[in-house]
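Each chain, written out:
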Amino acid sequence: MKKAVIGILAHVDAGKTTLSEGILYLTGSIRKLGRVDNRDAFLDTYALERARGITIFSKQAVFSLGDTEVTLLDTPGHVDFSAEMERTLQVLDYAILVVSGADGVQGHTETLWRLLKRYQIPTFLFINKMDQNGTDRAGLMADVKKRLDESCVDFEAPREEFLDELAMCDETAMEQYLEQESVETSEIQRMVAERKVFPCYFGSALKLEGVEKLLNGVRQWMRNPDYPDAFGAKVFKISRDEQGSRLTHLKITGGSLRVKEMLSVGETEEKVNQIRIYSGAKYELVNEAAGGTVCAVTGPMQTHPGQGLGVEQESELPLLEPVLTYQIILPEGCDVHTMLRNLRQLEEEEPQLHIVWDESLSEIQAQVMGEVQIEILKSLIAERFGVEVEFGTGNIVYKETILEPVEGVGHFEPLRHYAEVHLLLEPAEPGSGLQFASACSEDVLDRNWQRLILTHLEEKRHRGVLAGGEITDMKITLIAGRAHQKHTEGGDFRQSTYRAVRQGLREAKCRLLEPYYAFRLEVPTEHVGHAMADIERMQGTFDAPVPEGDMTLLTGSAPVVTMRDYQKEVIAYTRGRGRLTCSLKGYEPCHNEEAVLEQIGYDPEADPDNPTGSVFCAHGAGFVVPWYEVKNYMHVESPLTGKQENSGGGSDMDVAGTAGGRSRSVGTAADGRSFGAEDKELEAIFTRTYGEVRRRLPNESGPRQVVYEPGKTQESRGRRSSAGPGAGGAFAGPTGPKPGYLKPQQEGMEEYLLVDGYNILYAWEEMRELMKVTVDGARHSLMDILCNYQGYKKCHLIVVFDAYKVPGGVGSVQDYHNIHVVYTKEAETADQYIEKFAHQMGRKYRVTVATSDGLEQLIIRGQGCILMSASDLKEDIMRVGRQIEEEHGRLPKPGKNYLFANVEKELADYLEAVRLGQIGTEQENK
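Residues numbered from 1 in each chain as written. Predicted model: local features only at pLDDT ≥ 70, side-chain atom pairs only at ≥ 80, totals over all residues. Heavy atoms only, no water.

Draft legend 1. Region of the structure containing the overall build of the protein chain. The helix and strand tally for the protein chain stands at 27 helices and 45 strands. Surface exposure of the protein chain reaches about 44,000 Å², of which carbon and sulfur atoms provide 48%. (Helix = DSSP H or I, 4+ residues; strand = E, 2+ residues; numbered from the N terminus. Areas by Shrake-Rupley, 256 points an atom, 1.4 Å probe, with all protein chains shown as cover.)

Here it is as structure tokens:
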């Protein structure tokens, strides 16, 4: 049997679900005709939908139409759920657009029409509610032609009138009509399929009037699609059933899919456990799904809406997107990390929700379309997770772009890692989004690495440097890069790619963008002056007013932030006669950029998740180079300038295709340690950030510390203090009431010790040898040692292990006896976790960090924390061990206890002398 997929779309309350019920009833798929207001509609399967009387999620039903098996997809009509509707469009063969005869073409109807045009979907129109008083068929047809397309033709008109209009839509049809005075059925089918003509039907879905004619028209004028033999599928939705099983809804666009087959999902292979054919709330299990089938499969866990499987390509980014972001306010006592993980499930099902954890504000944020979606989300969260949440005040979602081309360079080279990426960032057409390409030769960088870099560009929403908004309207091209034969891993190119984007943005001239509405405002003619003044006040623009009887029509655009609440004003000053319809036009330059940036106060250098600088290596340790000096250190010649700024870049690694490292001038630090030219540059960077170095003089009280004072000169370099392991070298940034000075540690202050787990394991020789045999054994051996150490030191001890290469890892914190063990989430290193902790806690508590990573030490110094190298930690652990043994040796031995058996030797000798009378005799002699 032939297969086809038809979707029903409409403005809210146009009667879309009622029409779906009528179609299913007349085709024999359901025995009883349900109604939305009776809360028993066949396709309103969720309690929320029945309670509110609106469609929230797209649903499917299957019916037969002649020799064709049709899958009917009912889509949401409310503008707040437009993203769900738009994803469904990607799998449609034909669409039925429902227009309310009582209201005519609405603003959202025009938005739907633009989407249907974008996805090139052949469309039938059904003008509904024609049974209501006051509906004018001729007027509605004229409105449809004017506001949608001149090629909308009334297929129920008299034959001669119908053929005249039909012939005007296509030259071939015109020739046939002039020659034969008719147009062949196959020709009309071609015109419908190519969107040359749009058949229109009139009726009342509630009374089943005109529905049969619509079905006959669809059957007669629809051309069944052909599906290729090669397997392909398009994912359009993710959901979960009542048991919590993850369902991937997809359409087979070629070949077939069988149960137990392996699907290539990204870079992984996932097995299909079940294939379900849904019709309403019920489903049928099948062993195979052929081309044209819409089904839900269980098993795959890495799929996402818009994804192409097999030969099918990835979909374009959705045209409709949220323009408001809200804080999600959790009830007291709710675990924020558990809630964040739960909300990620909802984000899978609704990708435009875009759940974000804002580290600086310590809050969860979500992007939504409007108030109705907020109410639905609150109900869904309460129903699924048992948590009553609230939403804060909505803020505008800003975006950013660039004004001229720029090259961005990212380098990531901590110890045993290496990757460098060069990207060309170019401005693109407004509304084009982000485009990614590669112009790099495979002789320069292997194809697999190039694909990985493009994947990293696509996988993330890159933040701009003005307000931290998502970047858009840019083309990013990979133009050069370099990998190391031994040390490069996938995660290295992720870091260098992200840093290249940020470095390029910091160099570029950037522009802040804000969302704009395209509006259609109808007001009584006497109020048109008021309306025009309001639009100008809202920084909007409009075309010349168009009189329509006693009403005047104004069309134009205005910023969302100024027009979002204007509907209430229109109703007030027109006394309910005015009507405003708005649809998202896109993003345009912000009308008050300076004020917005000042209000947001985003600092790109204080965003630890999106660094602008790069990491280079010297003397076996990594160090950070700020964005404005990266091109002085880069290893790869710039393809744009033909000039290599720095061959070798001071790296300690032998990189494939790299010339030998440059010579280095070597000096000596104040404490006798050798240092190179790079160290001097690093010292200069640090001094520019935190000020000059000043030491306490020998006659000053308190422990010797290194203090940074902005604006003062000091020739001496930092050295370790002699106050014991980990106590010296306490570099700090500006803290306390007097900027620039290191705040002295207070007595009784709570102490934390952070241990970089793998750094210590690699630094200790015995642990390094054990790791060659068993990594897990070495990890637990270190944890046991630290447990013993904590028992003596009585501090909060946290050991952090990298888990950034674990796919899908969400991170975890575990208690191991008396210490805390942290495993970082995917794409997060132990360094990043420790840096965040130090940033938040370094000036509140006494924080010591144990690591030998030079890069990490540099950053930690700026947070007011104490440093402890791997050798220092080992030495202190051994010292503690000796003290424990000494104290244990002084404990009473089993057996008899004597009075002076366990006192110190000096005291014992004194008491013995007293017993013998020697002390008293000596005093008498004196």
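Draft legend 2. Structural view of the pairing of strand S14 (residues 282-286). Pairing of strand S13 (residues 274-279) with S14 involves five bridges; the strand directions are antiparallel. Bridging across to S14, Arg276 finds its partner in Leu285. (Pairing = 2+ DSSP bridges.)

Draft legend 3. Region of the structure containing the packing of aromatic side chains. The final tally for this structure, using the stated rule, is 16 aromatic pairs. Plain terms: the ring middles of Tyr278 and Tyr283 are 5.1 Å apart, the flat faces sit at 50° to each other, and that makes the pair tilted. Overall, the relative accessible area of 40% leaves Tyr283 in the partly exposed class. Through pairs of rings, three or more aromatic residues link up here, namely Phe155, Phe162, Tyr201 and Trp221. Here the basic side chain of Arg416 rests over the ring of Tyr762, its NZ or CZ set 4.9 Å away from the ring centre. (Phe/Tyr/Trp six-rings, centres within 6.5 Å; stacked < 30°, edge-to-face > 60°. Buried < 20%, exposed > 50% of the residue type's maximum accessible area, 1.4 Å probe, protein only. Lys NZ or Arg CZ within 6 Å of the ring centre and 35° of its normal.)

Draft legend 4. Main features of the sheet that holds strand S2 (residues 59-65). The strand order S2-S3-S1-S4-S5-S7-S6 describes an open sheet built from seven strands, whose pairing is mixed. On the outer flanks of this sheet lie S2 and strand S6 (152-154), each paired with one strand and no other. Mean inter-strand twist for the sheet, computed between neighbouring axes without regard to direction, equals 25°. Here S6 runs beside strand S7 (residues 198-202); their pairing, made up of three bridges, is parallel. (Axes fitted to C-alpha atoms, helices over the stretch in contact; angles between N-to-C directions.)

Draft legend 5. Just the sheet that holds strand S42 (residues 812-816), in detail. Reading across from one edge, S42-S43-S41-S40-S44-S45 is the order of the six strands in this open sheet, with mixed pairing throughout. Strands with a single pairing partner mark the edges of an open sheet, and in this sheet they are S42 and strand S45 (866-868). Each strand axis lies, on average, 25° off the axis of its neighbour in the sheet, ignoring direction. Packing of helix H22 (residues 775-793) onto the sheet brings it into contact with strand S40 (751-756), strand S41 (796-801), S42, strand S43 (819-823) and S45, and relative to S41 it is tilted by some 165°. Contacts from helix H23 (residues 830-841) reach S40, S41, S43 and strand S44 (846-850) within the one sheet, and its direction differs from that of S40 by about 165°. (Contact = heavy atoms within 4.5 Å.)

Draft legend 6. Region of the structure containing a nonpolar patch on the surface. A cluster of nonpolar side chains, Tyr25, Leu26 and Leu33, forms an exposed patch at the surface whose accessible area comes to about 210 Å². Mapping Leu26 onto the fold places it in helix H1 (residues 16-26). (Patch = residues over 30% accessible without salt bridge, like charges linked within 9 Å, V, L, I, M, F, W, Y side chains within 5 Å. Salt bridge = Lys/Arg side-chain N within 4 Å of Asp/Glu carboxyl O.)

Draft legend 7. Quick look at the nonpolar core. Within the largest apolar cluster, 46 residues are counted, with the highest numbers of intra-cluster contacts made by Ile328, Leu343, Ile355, Ile381, Phe519, Leu521 and Tyr566. Here this core takes six residues from strand S29 (residues 510-524), the largest share from any one element. With near-sequence residues (within four places) excluded, Ile381 lies in contact with Met339, Leu343, Leu346, Gly386, Val387 and Val389. Counting residues in each nonpolar core, the second largest holds 42 residues, with Phe124, Leu163, Val183 and Leu214 among its members. (Core = buried A, V, L, I, M, F, W, Y, C linked by side-chain atoms within 4.5 Å.)

Draft legend 8. Here's a closer look at the confidence of the model for the protein chain. Here the protein chain averages 79 in pLDDT, while 80% of its residues score no lower than 70. Low pLDDT, under 50, characterises residues 643-679; the stretch is placed with 85 contacts to residues that sit more than four places away or in other chains. Scored below 50 in pLDDT, residues 688-747 shows 126 contacts in the model against residues more than four places distant or in partner chains. (pLDDT = per-residue confidence, 0-100.)

Draft legend 9. Inspection of unusual backbone geometry at higher detail. Positioned with a positive phi, Glu181 is a non-glycine residue whose angle comes to about 60°. Note that Glu181 resides in the loop between helix H7 (171-180) and helix H8 (185-193). We classify Glu181 as exposed; its relative accessible area is 59%. Despite not being glycine, Lys260 has its phi angle at roughly 75°, a positive value. Secondary-structure assignment places Lys260 in the loop between strand S10 (256-258) and strand S11 (262-265). Relative accessible area serves as the criterion here: at 52%, Lys260 is assigned to the exposed category.

Draft legend 10. Spotlight on helix H16 (residues 566-573). Taken together, the buried positions of H16 are Tyr566, Val570 and Tyr573. The arc that holds the buried residues of H16, viewed along the axis, is 85°, so those residues lie on one side. Exposed residues lying more than 90 degrees from the buried face of H16 are Lys568 and Ala572. As for H16, its buried residues are in contact with S29, helix H14 (528-537), helix H15 (560-563) and strand S33 (579-589). Phi for Arg575, located one or two positions after H16, is positive at around 55°. (Arc of directions from axis to C-beta.)

Draft legend 11. Spatial organisation of the environment of Val561. Tracing the chain through its elements places Val561 in helix H15. On the basis of relative accessible area, Val561 is assigned to the partly exposed category, the value being 32%. With 237 residues separating them along the chain, Val561 and Leu324 place their C-alpha atoms 9.4 Å apart. Those residues in contact with Val561 that sit more than four places away from it in its chain are Ile396, Glu514 and His591.

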